[in-house]
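Structural characterization, general
Here are the chains, one letter per residue:
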Amino acid sequence: MPARATAAFVLLFLLIPVEGRCAEPPSPPAGRPASGAESGPDSPRNDESADPWALLPDVVVTPNRKESRLLSLPCSVQFFESEEIRSRKMFRTIPDIFSEDPSIMVQKTSYGQGSPFLRGLTGFRTLFLVDGIRLNNSTFREGPNQYWSTVDPFLADRIEVVKGLASVLYGSDAIGGAVNVISRRSRESGEGAVLGGAAHVRETTPDLSSVVRLDVDGGFGREIGVHAGVTYKDFNDFTAGRHVGLVEKSGYGEWDCDIRSDFYPARNLRITAAFQRTDQKDVWRTHGTTSCTPWHGTTAGTDRERSMDQWRDLGYVQIEARDVGDLLEALRFSASCHHQREREFRIKSNGASEVQVCDVVAPGFWGSADFDTPAGDITAGAEYYRDFVLSGKDSYNADGSFKSSEIQGPVADHSLYDIFGAFVQDEYAPFEELRFTAGLRYTLARLVGGRVKDPDTGTRTRISDTFENLSFALKTGFSPHECCNVYCGVSTAFRAPNLSDLTRLDMARSDEIETPSPGLEPELFTSFDLGIKIKRERMLAAELAVYYTVVEDMIVRYPTGAIIDGKKEVRKANVGDGWICGIEASATWSPFARIELKAGAAATQGKVDTYVTSEKIRSREWMSRMPPTSGVMAAKYSDESGKWWIEASWKWAWRQRKLSPSDRTDTQRIPPDGTPGYGVVNLRGGIALSGNLSLALAVLNLGNKEYRIHGSGQNEPGLQAQASIDLKF
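Notes on the structure in this doc start here. Counting starts from 1 at the beginning of each chain's written sequence and moves along it residue by residue. Owing to the predicted nature of the model, reporting of local features is limited to residues with pLDDT of at least 70; listing and counting of side-chain atom pairs is limited to 80 or more, with chain, interface and lining totals taken over all residues. Only heavy atoms go into the side-chain values, all of them from the structure, while hydrogens and water stay out.

1. Regarding the overall build of the chain
Secondary structure elements are taken from DSSP: a helix is a run of H or I of four residues or more, a strand is a run of E of two residues or more, and numbering for both begins at the N terminus. Helix and strand counts for the chain stand at six helices and 37 strands. Radius of gyration: over C-alpha atoms. The globule rule applied is 2.2 Å multiplied by the number of residues raised to the 0.38 power. Here the chain has a C-alpha radius of gyration of 25 Å; the compact-globule value for 729 residues is 27 Å, and the two agree. Along the longest, intermediate and shortest principal axes, the C-alpha atoms of the chain span 75 × 55 × 55 Å. The burial tally for the chain puts 59% of its 729 residues in the buried class. The contact definition used throughout considers only heavy atoms, calling two residues in contact when any of these lie within 4.5 Å. Taking the contacts inside the chain whose residues are at least 6 apart along the sequence as the reference set, 66% of them involve residues at least 24 apart. As displayed, the chain offers around 28300 Å² of accessible surface, 59% of which is attributable to carbon and sulfur atoms. A residue counts as positive if it is Lys or Arg and as negative if it is Asp or Glu; His and the chain ends are not included. Note on charges: their place is set at NZ of Lys, CZ of Arg, CG of Asp or CD of Glu. With 84 positive and 97 negative side-chain charges, the chain shows a separation of 4 Å between the mean positions of the two kinds. Think of it in three bands: residues with accessible area under 20% of the maximum for their type are buried, residues over 50% are exposed, and the middle band is partly exposed, with areas taken using a 1.4 Å probe on protein chains only. For every accessible area listed, the method is Shrake-Rupley and the probe measures 1.4 Å; residues are considered covered only by the protein chains on display.

2. A short note on the sheet that holds strand β9 (residues 177-183)
Neighbouring strands of a sheet are bound in pairs by backbone hydrogen bonds; such pairs are parallel or else antiparallel. Only strands joined by at least two bridges in the DSSP assignment are considered to pair. In spatial order, the strands read β3-β8-β9-β6-β7; together these five strands make up an open sheet with mixed pairing. The sheet terminates laterally at β3 (76-81) and β7 (133-134), the two strands that pair on one side only.

3. Considerations on the environment of D413
By the secondary structure assignment, D413 is in strand β22 (residues 413-431). The buried category is assigned to D413, whose relative accessible area is 10%. Between the alpha carbons of D413 and K393 there is a distance of 9.9 Å; along the sequence they are 20 residues apart. The residues touching D413, leaving out its near neighbours within four places in the chain, are V389, L390, S391, I407, Q408, G450 and R451. Side-chain atoms alone can form a polar contact between residues adjacent in sequence; in general such a contact is a pair of N or O atoms within 3.5 Å, and within protein one must be able to donate a hydrogen while the other accepts it. There is a polar contact of 2.8 Å between the side chain of D413 and the backbone nitrogen of S391.

4. Some words on the nonpolar core
Judged by nonpolar contacts, the single largest core of 47 residues is most densely connected at I94, I97, F98, F128, I159 and V179. If sequence neighbours within four positions are ignored, F128 has contacts with I94, I133, R134, L135, N136, W148, V151, V179 and V181. Only buried residues count toward a nonpolar core, which is a set of Ala, Val, Leu, Ile, Met, Phe, Trp, Tyr and Cys residues joined through side-chain atoms within 4.5 Å.

5. Here we look at a nonpolar patch on the surface
On the surface, M633, Y637, W644, I646, W650, V681, L683, I687, L689, L702 and L719 cluster together into a nonpolar patch covering about 940 Å² of accessible area. Of all the secondary structure elements, the ones that give two or more residues to the nonpolar patch are β33 (630-638), β34 (644-653) and β35 (678-688). Counting through the fold element by element, L719 comes out in the loop between β36 (693-700) and β37 (720-728). Patch definition: residues above 30% relative accessible area lacking any salt bridge, with like charges linked at up to 9 Å and the nonpolar side chains Val, Leu, Ile, Met, Phe, Trp and Tyr linked at up to 5 Å. Definition used for salt bridges: Asp or Glu carboxyl oxygen within 4 Å of a side-chain nitrogen of Lys or Arg.

6. Concerning the environment of S517
With respect to the helices, strands and loops of the structure, S517 is situated in the loop between β27 (512-514) and β28 (523-536). With a relative accessible area of 4%, S517 lands in the buried category. It is 27 Å that separates the C-alpha atoms of S517 and R119, two residues lying 398 residues apart in sequence. Ignoring anything within four residues of it in the chain, the contact list for S517 reads D501, L502, R571 and K572. Within the local environment of S517, its side chain forms a polar contact with the backbone oxygen of T515, the two atoms lying 3.4 Å apart.

7. A word on the environment of N397
Looking at the element boundaries, N397 is found in the loop between β20 (376-396) and β21 (402-405). For N397, a relative accessible area of 30% puts it in the partly exposed group. Between the C-alpha atoms of N397 and A688, which are 291 residues apart in sequence, the distance is 58 Å. Leaving out residues up to four positions away in the same chain, N397 has contacts with G351, A352, F402 and K403.

8. With respect to unusual backbone geometry
Following T205, the chain continues into P206 via a peptide bond in cis, with omega recorded as 10°. Positive phi values are uncommon outside glycine, yet M90 reaches one of about 50°. In this model, R242 sits at a positive phi of 45°, which is unusual for a non-glycine residue.

9. Examining the side chain of D256
Mapped onto the secondary structure, D256 falls in strand β15 (residues 252-266). Given a relative accessible area of 2%, D256 falls into the buried group. Polar side-chain contacts of D256 include one of 2.8 Å to the side chain of T278. With near-sequence residues (within four places) excluded, D256 lies in contact with D152, G229, V230, T231, K233, R277 and T278.

10. Describing the packing of aromatic side chains
For Phe, Tyr and Trp, where Trp contributes only its six-membered ring, two rings pair if their centres lie within 6.5 Å, and the inter-plane angle classes them as stacked under 30 degrees, edge-to-face over 60, or tilted in between. In total, this model carries 15 aromatic pairs according to the counting rule given. Geometrically, the ring pair formed by Y111 and F238 is tilted, given 4.5 Å between the ring centres and 40° between the ring planes. Here F238 lies in the loop between β12 (224-235) and β13 (239-240) and Y111 lies in the loop between β4 (104-110) and β5 (113-118), a separation of 127 residues in the sequence. The same class applies to Y111 as to F238, namely buried. A ring pair is formed by F140 and Y147, whose centres lie 4.3 Å apart and whose planes are at 10°; its orientation type is stacked. Since its relative accessible area comes to 0%, F140 is described here as buried. A network of ring pairs unites the aromatic residues F80, F98, F128 and W148 as a single cluster.

Given below as structure tokens:
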């Protein structure tokens, strides 16, 4: 398969006329201006009327922690821009944005809880950043989690996805990849005060869900810019495809707000202050309740209710200076505080109830510097985060009277988790066609679990531990043609055990309860990557990536044989040695000026050792929730004037029968014979009614297909119609 895909890409590339101009110039050798900082007289960076802080279409910042040309990077990177997120595709949540990328599977525990799989991994093995600040904290649990859905997609100006190991620059958790949401800033500028904004209204049928967004931009000369926005979301219970019908308790409500102020005391200096807030109410996890609708042999849960309220606050100040000196190209500093609070309410089958709360306050600091030296373009920096964790659980009798308070909630109460990292990366180009990248990172993680319930004695105890790691990356990029880049590399990464690994006391999968597992060690990963990128302006963009990752000491759950409160006890151990491999291919081709064709496909496989039974006998099994082979095809036509467009897409996935032992027992989410495959057709279009008013329409799941994304807790919506209006003022 890799050989055939490579041959097809090369053949298509050769068929394009040589006169086609390259969309991106080749990467400059070390010692010359980097990526976005062009030095030519016609460069937009040197144009006094241009915005020197605006990202160019072919430039990304996440892979190297600085502006870099997309084509020249020795890794697979994708980005989504505001217009596509907000209006063209009308994505409902951050995880939904990745749903049409075949290399990313978006598992959905519920309508309000989505978790992307990057290269076969999800949850705390993928890193989520907001303006470079870690959203991940020490309470993130094994497998899919809900936290990516607590970031409002409307605050994003751009979302960048780095696929594969990224621990050298981003530390623990960046195994499957790293995703960075870059927030919107004011575009208003001029002499004196300037005010503008936009309104977005969206309606979805047949569930009659509504989304309303209001943005305001203000500018005071060229020195100060302010952007503020507020979002209201009201999602009602939706109807799944064909014979499934109404999915009860799938609706929920949400409020979001964000404000960002950018101050420019000099042309090469920016100071940013921002605040974001999300408030979600009554998000049910129906798969474990009696409200669940069985599908293809899945079972319903016994709880009467499992619902969650979620809050997230982020405030930060960041400073960036460019062109600081002859050797020092840029300096960046960030100080932030992230506050995450969740409250879960559960009513058991006998009427007894539980309320558990987890509250995390996570201040953090990071700084980095870019140097232009004879030895190459060097990026160096350090970061530090501390989690303050409070976690509790109260139980009530069926009549509502108070029963007891537990020693801890889902993780250890009164806990601390520190993580520090220092990194350096050098990009060296001995020739214009050849570029080497080498990086090194030291990480130190330390935790103190203040109040932990001993799973054997039931008494209160305390744990503490420290973990260290040294990660490296060596990559090479070769450009045989100015519009082509072939790369290969080897990278290492790790994940330090967090509070959830070591102290979790909570429900896991179907009919399972996880208890604390002290004494765990870090997970280790080594990945070998090979890829090719081709980019011809307005004509072709194609990429093929192949990877093989060696897994060592992965932390996996195993059954102990004990029964607690009617559920099977599971704990964790470092037994998951194994491998993950995959191939990702995509191409966008514009044979004519107004027509754009897209196609992509991805396949992932992986096996790790695990304990199938309480006897602790190792067995190599498929990894849990391994994404099925999937793909997408799309065709888009745009009017010559650019006033209207229409797009048809088809996304598909094969049946997934490769199930781990834990998948086979997760009967509330995964059918006994595996998750059936599917093919879904979507139709979208839009029209600009005037210079300030536009309309977008979509008909999703045209065939009213009955389907479920592998590992999810419920089916996807059936036939849906969406309409949105965007007004700029």
